[in-house]
Amino acid sequence: MADRVTVIGWDGSPLTPAATSALSAATLVAGAAHHLALPEVPAGAERIRLGSVSLAARRIAGHRGSAVVLADGDPGFFGVVRTLRDPEHGLEVEVVPAVSALAGAFARAGMPWDDAQLVVAHPRTLRRAVNVCRAHPKVGVLTSPGAGPAELALLLEGVHRTFVICEELGSDREQVTVLTSESAADHAWRDPNVVIVLGGGPSGEGEGWLAGPAPGYPSAPRGWALPAREYGAGLGSGESAELRAAQLARLGPRVGDLVWDIGCGSGALSVEAARFGAAVIAVDTRAEACSRAESTARRFGVQLQVVRGKAPHILESLPEPDVVRIGGGGAAVVEACADRRPERIVTHASTRDEAEAVGAVLSAGGYDVECALLQSVDLDTSAWSERERSVAFLLSGRRKERSL
């Protein structure tokens, strides 16, 4: 194992005395091509071009001498330190940090970033990063080849955002560009770059106390599956608080997810899924329902993409969902959703025959099906008399994992 492993962050500024001292004593140096070209790298040191960090860690673990790993920005923030410290390699490291690329990008934009959602976009995680950009008004994105500004913009089709794109921060070719997401797809962007994605509403209220997006507007009511009075006018028969609570529990929306809410009605469930941090596309055929869902989202300070159209046909143009709630449309809509293979599907039925038909469609589509008969009675506590009674069959489908 190497006698000493030092990880040095580099942001384009001169190296600190601690970094220069560690580098001068190094017998092995790993980094990208521009790191290995630094004049401070000893001429006699073994050099490793950093591609796979895991492979480099194995080489370092077998090295006898002092090793240095050079990385852009803060190597402890979505950087190489995590991999090097993995128990598989058993490396103890010293870290000399620099300004992270995200911190540099927000500084160039003259913006605070303690209220931003921060994500890394790789080709394998790009869709989830895009969903975060759909759901939050301020997102910092560490990009990678194949998952850069153009790819983000293409997947955000239909959602207007402003991009602040910072290319090659800290170098002589540094450039900062501000443009709309619709325009970003038409450019070729230089790597490395960082994107700040803005839009859709205010990023928070008042003074911050917690890093990252605020967990909810201070003015928003506490709790989930809120009663109908929190949404103004009366809710539809499939939007009772008790049914919404059960549906949300089975959907489990979370940050990085995309939720389809088909037949969104008032937007009550859409808004509550968005309050969990998920991106939500709310679909309804009625203009008044779409308008109300947008109004409800504004009041609760969350982002919704509202689409007017009739399912199942309108669903063909929507991006892939992680979970789906179906508020209406019957077996045909359930079948169309199952064909898109979301992880969870929830819906409800008014009769047992309808529940059996929907359950059969889910089962045929490769889902494990659960059904429960939910009955709730709203009581007037001034007289302890029955005010309203609701009964519904709750159906949920969990996608079966295909055997290899």
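Structural data are supplied above this passage.
The rules behind these values
Residues numbered from 1 in each chain as written. Predicted model: local features only at pLDDT ≥ 70, side-chain atom pairs only at ≥ 80, totals over all residues. Heavy atoms only, no water. Helix = DSSP H or I, 4+ residues; strand = E, 2+ residues; numbered from the N terminus. Buried < 20%, exposed > 50% of the residue type's maximum accessible area, 1.4 Å probe, protein only. Contact = heavy atoms within 4.5 Å. Areas by Shrake-Rupley, 256 points an atom, 1.4 Å probe, with all protein chains shown as cover. Lys, Arg positive; Asp, Glu negative; His and termini not counted. Charge placed at Lys NZ, Arg CZ, Asp CG, Glu CD. Salt bridge = Lys/Arg side-chain N within 4 Å of Asp/Glu carboxyl O. 1 Å grid on protein atoms, 1.4 Å probe; cavity = no way out; pocket = protein on both sides within 12 Å on 5 of 7 lines; lining within 4 Å. Points joined across faces, edges and corners; volume = space filled by probe spheres on them. Pairing = 2+ DSSP bridges. Axes fitted to C-alpha atoms, helices over the stretch in contact; angles between N-to-C directions. Phe/Tyr/Trp six-rings, centres within 6.5 Å; stacked < 30°, edge-to-face > 60°. Core = buried A, V, L, I, M, F, W, Y, C linked by side-chain atoms within 4.5 Å.

1. Quick word on the overall build of the protein
Then step 1. A tally of helices and strands in the protein yields 13 helices and 17 strands.
Then step 2. Reported as C-alpha extents along the three principal axes, the dimensions of the protein are approximately 85 × 50 × 45 Å.
Then step 3. Of all 404 residues assigned to the protein, the portion counted as buried reaches 47%.
Then step 4. In the protein, the proportion of contacts linking residues at least 24 apart, taken out of those at least 6 apart, comes to 60%.
Then step 5. Put simply, the protein shows about 19600 Å² of open surface, and 51% of that area lies on carbon and sulfur atoms.
Then step 6. Considering the protein, the positive charge centre built from 40 side chains and the negative charge centre built from 48 side chains are found 2 Å apart.

2. A word on the pattern of salt bridges
Then step 1. According to the stated counting rule, one finds 21 salt bridges in the structure shown.
Then step 2. In this structure, Arg387 engages Asp378 in a salt bridge whose closest nitrogen and oxygen atoms are separated by 3.3 Å.
Then step 3. The network of salt bridges with shared partners includes Arg127, Arg128, Arg254, Asp257 and Asp322.

3. A look at the layout of surface pockets
Then step 1. What the largest pocket holds in volume is close to 1400 Å³.
Then step 2. In this structure, the largest pocket is lined by 45 residues; those nearest its centre are Asp72, Phe78, Leu142, Thr143 and Pro192.
Then step 3. Breaking the lining of the largest pocket down by element, the ones donating at least two residues are α2 (33–36), β4 (66–72), α4 (81–84), α5 (101–109), β8 (162–167) and β10 (193–198).
Then step 4. Sort the elements by how many residues they give to the lining of the largest pocket and α5 lands first, with 4 residues.

4. Re the sheet that holds β10
Then step 1. Taken in spatial order, the 5 strands line up as β6-β7-β10-β8-β9 in an open sheet, and their pairing is mixed. One side of each edge strand has no neighbouring strand; the edge strands of this open sheet are β6 (117–120) and β9 (175–180). Sheet twist, expressed as the mean angle between neighbouring strand axes with direction ignored, is 20 degrees.
Then step 2. In this structure, β8 lies alongside β10, joined through 6 bridges in antiparallel fashion. From the neighbouring strand, Glu167 faces β10, where its bridge partner is Asn193.

5. Description of the packing of aromatic side chains
Then step 1. In total, this model carries 4 aromatic pairs according to the counting rule given.
Then step 2. Considering the side-chain rings of Phe77 and Phe78, the 5.0 Å spacing of their centres and the 70 degrees angle between planes classify their relative orientation as edge-to-face.
Then step 3. For Phe78, a relative accessible area of 48% translates into the label partly exposed.
Then step 4. An angle of 15 degrees between the planes, with centres 4.2 Å apart, marks the rings of Trp224 and Phe276 as stacked. Note that Trp224 is positioned in the loop between β10 and α9 (241–251) and Phe276 in the loop between α10 (268–275) and β12 (279–284), a separation of 52 residues in sequence.
Then step 5. Owing to a relative accessible area of 42%, Trp224 belongs among the partly exposed residues under this scheme.
Then step 6. Looking at Phe276, the relative accessible area reads 32%, which means it is partly exposed.

6. Here's the deal with the nonpolar core
Then step 1. Judged by nonpolar contacts, the single largest core of 26 residues is most densely connected at Trp260, Ile262, Leu315, Ile326, Cys337 and Ile345.
Then step 2. Elements supplying a minimum of two residues to this core: β11 (258–262), β12, β14 (323–326), α12 (330–339), β15 (344–349), α13 (352–364) and β17 (385–399).
Then step 3. In terms of residue count, α12 provides more of this core than any other element does, 4 residues in total.
Then step 4. In this structure Ile326 touches Ile262, Val333, Val334, Cys337, Ile345, Val346, Thr347 and His348, once residues within four positions along its chain are discounted.

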